[in-house]
Amino acid sequence: MSKVPERRLRIRRIEGVDEGMAKMNSSMMKQLQITDKIEVVIAGKRKCVLTVVADDKVPEREVWANPAQMASLGIADNSIATIRRPLK
């Protein structure tokens, strides 16, 4: 069984991103073998699964998410999180 690629990226709260969605750079999505969903893990405790959309305006080392949803999950702006495709 091969290991799922993951990367530590910065989570940004950005207005204009729909709830349950995230935006990510397309080249980072290819590196992490992500097609439609990502798992966001903060400090091994807070986890959520979001539907992801490719957007080349997003810097490679960032993931943009809905501010209200991130606040309800207790995830601060500019937090560092482990991003990977969801484990089966």
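Heads up: these notes are all about the structure in this document. Predicted model, so just to flag it, every value in this text is computed and none were measured.

Let us look at the overall build of the protein chain. Per the secondary structure count, the protein chain includes two helices and six strands. For the protein chain, the sequential pattern of α-helices and β-strands runs β-β-α-β-β-β-α-β. Relative to the 2.2 N^0.38 estimate, which gives 12 Å for 88 residues, the radius of gyration of the protein chain is 12 Å and therefore close to what a compact globule would have. Taken over the C-alpha atoms alone, the protein chain extends approximately 35 × 30 × 20 Å along its principal axes.

Take unusual backbone geometry next. Positive phi, normally seen in glycine, also occurs at Gln33, with a value near 55 degrees. With respect to the helices, strands and loops of the structure, Gln33 is situated in the loop between helix H1 (26-31) and strand E3 (37-42). Despite not being glycine, Ala43 has its phi angle at roughly 55 degrees, a positive value. Its place among the elements puts Ala43 in the loop between E3 and strand E4 (46-54).

Thresholds, definitions, all that
- Residues numbered from 1 in each chain as written.
- Predicted model: local features only at pLDDT ≥ 70, side-chain atom pairs only at ≥ 80, totals over all residues.
- Heavy atoms only, no water.
- Helix = DSSP H or I, 4+ residues; strand = E, 2+ residues; numbered from the N terminus.
- Rg over C-alpha atoms; globule rule 2.2 N^0.38 Å.

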